[in-house]
Amino acid sequence: MDDPKPLIFDGLKVIDAGSWVAGPVSATMLADYGAEVIKIEMPTGDPFRRLATGPGTPDADIDYAWAQDARNKRSIALNLKTTEGIAILKRLVADCDVYVTNYPLPMRRNLSLTYEDLKQINKRLIYASLTAYGEEGPEKDREGFDLVAYWSRTGLMDLVRNADAKPAPSIPGMGDHPTGVSLYAAIVTALYQRERTNEGSMVHTSLIANGMWAASCIASAKFAHGNDFSNYPRLTAKYFTRELYQTRDNRWLQFTMVRTPDEIAAYFRILGASHLLEDPRFQSTRARIESGDALANEIRPIIAQRDAAEWLREFKDANVPVSMLGTIDDLPSDPQLVANAILRKPDEPIGADYIINHPVNVEASKRAPVKRAPDVGEHSEEVLTELGYSNFEIERFRKAGIIA
């Protein structure tokens, strides 16, 4: 029997007036908990629809990125370069609870779509703004993507590499998705505030703010007069447990947090290398740090003699912390992902076996069924009819290129 309890955001009306990931994915999270989300797209469609067919991305049966992040929404294809297109959008805003946007700030000002503009037609509106570099400052109007604003600009790209290695780019959406969670948190906080005050508000976050937050355990040292950030962290990076070791079957093992005397003794015993702990270079923690490269060079050929599964079994039996670097190919067979609903089967055919759930879990609130992401303008006529437009007006809009 279906659970009769309503979803936590049943009845909440959300306008997703954004593109790509970081803003719109916060609306996806609201939809997962029952909100009615209307996606505003230009007649040519959100450019995010084309990510999965771009250079270097994996080939698949469907537009997997769009199917993942645009699920449970309806789409209206609306030409915002026209006066009537803006009028339709504002008619939607007048009756919505949340307006999510990551349009560039100059575009919002030019189209009269700022919070100051929209709150005039809806005093209870929660206006959720996502920018690359923040709402103020000399770069507030600058467009940006997570590869730059989140990953590169904040020092993250520079920190997560060896000193002699080139910086590596992020994968698509790596900063967008956690930034979307931040925007979702801001929206939910504002909704709670509205319950108490009956007043709407503007909430916002940025890619650069979230990148700084992600880097903060190390970046905060800079503001406490820290120095020499090369090869983070300079000293302990040489410790043998921070190295990665390749096995005979070309997997990589990670021994982060092998630190107690018992763990270290067991580690070298399993390697068959307890004699190394008698070497003056490796007898103490300080010595093992100062001679980290030399110790790692002793360990590498030993690890390379056996397959990963053999090492994992022995280290785990001895309670020595060990992990194997995961690959994308490992994910479908990882039992933790399904057991914790990190992966979820769609409730209707979408061309993918699973979708990846957002990471915010509320035990008392179930999630909406997973429905397929919409085609461009799939619901244009339906949404306009709900707004009270006649069939004649809708057809006129279509012929004039105002909707698609």
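Source: prediction; values computed, not measured.

A. The overall build of the chain, seen in detail. Secondary structure summary: the chain contains 16 helices and eleven strands in total. Along the longest, intermediate and shortest principal axes, the C-alpha atoms of the chain span 85 × 55 × 45 Å. Buried residues in the chain amount to 43% of all 404 residues. Sequence-distant contacts, at least 24 apart, represent 67% of the contacts inside the chain between residues at least 6 apart. Looking at the chain as shown, the accessible area adds up to about 21600 Å², and 54% of this sits on carbon and sulfur atoms.

B. Quick peek at the packing of aromatic side chains. Tallying each qualifying case throughout the model produces 15 aromatic pairs. With a centroid separation of 5.7 Å and an interplanar angle of 25°, the aromatic rings of Trp 311 and Phe 315 are classed as stacked. Of this pair, Trp 311 and Phe 315 both sit in helix H13 (residues 308–317), four residues apart, which is roughly one turn of the helix. Each of the two residues, Trp 311 as well as Phe 315, counts as buried. Ring plane angle 75° and centroid distance 5.3 Å describe the contact between Tyr 389 and Phe 397, whose orientation is recorded as edge-to-face. Comparing Tyr 389 with Phe 397 shows no difference in burial state: the two are buried. Connected via pairs of aromatic rings, a cluster forms that spans Tyr 239, Phe 240, Tyr 245, Phe 255, Tyr 267, Phe 268, Trp 311 and Phe 315. For the cation-ring pair, Arg 306 lies above Trp 311, with the distance from its terminal atom to the ring centre recorded as 4.4 Å. Taking NZ or CZ as reference, Lys 345 lies 4.6 Å from the ring centre of Tyr 354, over its face.

C. The sheet that holds strand S5 (residues 126–131), seen in detail. Overall, parallel pairing links the six strands, which are arranged S3-S2-S1-S4-S5-S6 in an open sheet. Looking at the sheet topology across the chains shown, the edges are occupied by strand S3 (74–77) and strand S6 (201–206). For this sheet the average axis-to-axis angle between neighbouring strands, irrespective of direction, equals 20°. Relative to strand S2 (residues 36–41), strand S1 (residues 13–17) is paired through four bridges, and the arrangement is parallel. Bridge pairing in S2 links Asp 16 to Lys 39. Of the strands in this sheet, S1, S2, S3 and strand S4 (98–101) touch helix H3 (residues 83–93), which is tilted by about 165° from S2.

D. The arrangement of the pattern of salt bridges in detail. Within the structure shown, the criterion is met by 27 salt bridges. Here Arg 194 and Asp 97 are joined by a salt bridge, their closest N and O atoms 3.0 Å apart. One end of the pair, Arg 194, is in helix H8 (residues 176–197); the other, Asp 97, is in the loop between H3 and S4, with 97 residues separating them in the sequence. Per residue, the accessibility class of Arg 194 equals that of Asp 97, and both read buried. Between Glu 310 and Arg 248 there is a salt bridge, with its nearest N and O atoms 3.1 Å apart. Taken together, the residues span a long stretch of sequence, with Glu 310 in helix H13 and Arg 248 in the loop between strand S7 (244–246) and strand S8 (252–254) at a distance of 62 residues. A single network of salt bridges, built from pairs that share partners, joins Arg 248, Arg 306, Asp 307, Glu 310 and Glu 314.

E. Layout of the sheet that holds S7. In spatial order, the strands read S7-S8-S9; together these three strands make up an open sheet with antiparallel pairing. Strands at the two margins of the open sheet, each flanked by one partner only, are S7 and strand S9 (323–324). Note: S7 against S8, three bridges, orientation antiparallel. Following the sheet pairing, Tyr 245 is matched in S8 by Leu 253. Of the strands in this sheet, S7 and S8 are in contact with helix H12 (residues 292–303), which crosses S7 at around 35°.

F. Looking closely at the nonpolar core. Of all hydrophobic cores here, the largest spans 33 residues; its most connected members are Phe 9, Leu 12, Val 14, Leu 30, Val 98, Val 100 and Ile 187. Elements supplying a minimum of two residues to this core: helix H1 (24–32), S4, S5, helix H6 (146–152), helix H7 (156–159), H8 and helix H9 (207–219). At six residues, the largest contribution of residues to this core is made by H8. The contacts of Leu 12, once residues within four sequence positions are left out, are Leu 30, Ala 35, Glu 36, Asp 97, Val 98, Leu 191 and Arg 194. Counting 28 residues, the second-largest nonpolar core is a separate cluster that includes Ile 40, Val 93, Leu 113 and Val 383.

G. Just the environment of Met 174, in detail. Take Met 174: it is sitting in the loop between H7 and H8. Between the C-alpha atom of Met 174 and that of Ala 22, which follows or precedes it by 152 residues, the distance is 9.8 Å. Met 174 has contacts with Asp 146, Tyr 150 and Trp 151, leaving out every residue within four places of it along the chain.

H. Structural context of the side chain of Thr 131. Relative to the helices and strands, Thr 131 is located in strand S5. Its relative accessible area of 7% is what places Thr 131 among the buried residues. In contact with Thr 131, not counting residues within four places along its chain, are Leu 105, Arg 108, Thr 205, Ser 206 and Leu 207.

I. Here's a closer look at the environment of Glu 41. Here Glu 41 lies in strand S2. Look at Glu 41 and you get buried, because its relative accessible area is 2%. C-alpha separation for the pair Glu 41 and Ile 171, spaced 130 residues apart in sequence, amounts to 24 Å. The contacts of Glu 41, once residues within four sequence positions are left out, are Asp 46, Arg 49, Trp 66, Ser 75, Ile 76, Ala 77, Leu 78, Asp 375, Val 376 and Gly 377. Here the side chain of Glu 41 touches Ser 75 through a polar contact of 2.7 Å, side chain to side chain.

Conventions adopted
- Residues numbered from 1 in each chain as written.
- Predicted model: local features only at pLDDT ≥ 70, side-chain atom pairs only at ≥ 80, totals over all residues.
- Heavy atoms only, no water.
- Helix = DSSP H or I, 4+ residues; strand = E, 2+ residues; numbered from the N terminus.
- Buried < 20%, exposed > 50% of the residue type's maximum accessible area, 1.4 Å probe, protein only.
- Contact = heavy atoms within 4.5 Å.
- Areas by Shrake-Rupley, 256 points an atom, 1.4 Å probe, with all protein chains shown as cover.
- Phe/Tyr/Trp six-rings, centres within 6.5 Å; stacked < 30°, edge-to-face > 60°.
- Lys NZ or Arg CZ within 6 Å of the ring centre and 35° of its normal.
- Pairing = 2+ DSSP bridges.
- Axes fitted to C-alpha atoms, helices over the stretch in contact; angles between N-to-C directions.
- Salt bridge = Lys/Arg side-chain N within 4 Å of Asp/Glu carboxyl O.
- Core = buried A, V, L, I, M, F, W, Y, C linked by side-chain atoms within 4.5 Å.
- Polar contact = N/O pair within 3.5 Å; in protein donor to acceptor, adjacent residues only side chain to side chain.

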